[in-house]
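Here's the letter readout for the chains.
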Amino acid sequence: MSSIKKFQVTFDCAEPERLARFWCEVLGYVVPPPPEGFATWDEFTRSLPPGEQDAWFVCTDPSGVGPRLYFQRVPEGKAAKNRLHLDVRVGTGLVGEERLAALEAECARLVPLGAVRGQLLLADGVNESCLTMQDVEGNEFCLD
């Protein structure tokens, strides 16, 4: 049997810090301390060559359990639907109206942060209800 591996989720994006800070708010993640020798991330960024400034940003699960999220600037914009997306599990164990209320409450919290509401997909006897959304750069995710 092989051991379980840790992994990081990498996002290609236009504005790494902005997108990272959005996901920190969504997931309760934090921005880790700046590299040793730097008092702030801004100080670290200014130490880099101009082409590397603001090229990436990270956020982490403060409990150390969830994957690290890495955001890297790429020149091209988003062109199609994500092949991979995150499901933010806010309704786990809930059904019916209680689940819908949890999804709607989380949606109401995220829209002022820049998220865009998508389609509410109602339970169909196989899958529970979920709500599709987009983050601040248009990447799809679900409230599940």
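Each remark here, short or long, concerns the structure printed above.
Along each chain, numbering runs from 1 in the same order as the chain's sequence is written. It should be noted that, the model being predicted, local features are given only for residues of pLDDT at least 70 and side-chain atom pairs only at 80 or more, the latter also being counted only at that level, while totals for whole chains, interfaces and linings use all residues. As a rule here, side-chain values come from all non-hydrogen atoms in the structure, and water together with hydrogens is ignored.

(A) The sheet that holds strand β3 (residues 68–73), seen in detail. For two strands to be treated as a pair, DSSP must find no fewer than two bridges joining them. Numbering of helices and strands runs from the N terminus; a helix is a DSSP stretch of H or I covering at least four residues, while a strand is a stretch of E covering at least two. Ordered in space as β1-β3-β2, the three strands form an open sheet in which the pairing is mixed. Here the strands that pair on one side only, and so sit at the sheet edges, are β1 (8–13) and β2 (56–59). Shown here is a sheet whose adjacent strand axes are inclined to one another by a mean of 20°, direction ignored. In this structure, β2 lies alongside β3, joined through four bridges in antiparallel fashion. Counterpart to C59 in the pairing with β3 is L69. Two residues form a contact once any of their heavy atoms are found within 4.5 Å. Fitted lines through C-alpha atoms give the axes, limited to the stretch in contact for helices. The angle between two N-to-C directions lies from 0 to 180 degrees. Against the sheet, helix α1 (residues 16–27) makes contact with β1, β2 and β3, and its axis sits at roughly 155° relative to β3, the strand it touches most.

(B) Spatial organisation of the packing of α1 against helix α3 (residues 96–110). Put simply, α1 and α3 touch, their axes get as near as 11 Å, and they point 150° apart. The crossing of α1 and α3 is right-handed. Where α1 abuts α3, its residues F22, E25 and V26 lie against E106, R109 and L110. Charged residues are taken to be Asp, Glu, Lys and Arg, nonpolar residues to be Ala, Val, Leu, Ile, Met, Phe, Trp, Tyr, Cys and Pro, and polar residues to be all remaining types, Gly included. Of the residues contributing to the contact of α1 with α3, the split by class is three nonpolar, no polar and three charged. Crossing handedness follows the turn of the near helix against the far one: under a right angle anticlockwise gives a left-handed crossing, and clockwise gives a right-handed one.

(C) Geometry of the nonpolar core. Buried Ala, Val, Leu, Ile, Met, Phe, Trp, Tyr and Cys residues that are joined via side-chain atoms within 4.5 Å together make up what is termed a nonpolar core. Residue exposure (1.4 Å probe, protein chains only): buried if accessible area is under 20% of the type maximum, exposed if over 50%, otherwise partly exposed. Counting residues in each nonpolar core, the largest one holds 28 residues, and the members touching the most others are W23, L69, F71, M133, F141 and L143. Every element with two or more residues in this core is listed here: β1, α1, α2 (41–46), β2, β3, α3, β6 (130–134) and β7 (140–143). Apart from residues no more than four positions distant in its own chain, F141 is found in contact with F22, W23, H85, L86, V88, L110, A115, L131, T132, M133, Q134 and D135.

(D) Spatial organisation of the packing of aromatic side chains. For Phe, Tyr and Trp, where Trp contributes only its six-membered ring, two rings pair if their centres lie within 6.5 Å, and the inter-plane angle classes them as stacked under 30 degrees, edge-to-face over 60, or tilted in between. The tally for this structure, following the rule as stated, stands at 11 aromatic pairs. Between W41 and F57, the aromatic rings sit 5.6 Å apart at their centres with planes inclined by 50°, giving tilted as the arrangement. Of the two residues, W41 sits in helix α2 while F57 sits in strand β2, which places them 16 residues apart along the sequence. For F57, a relative accessible area of 5% translates into the label buried. Connected via pairs of aromatic rings, a cluster forms that spans F38, W41, F44, W56, F57 and Y70.

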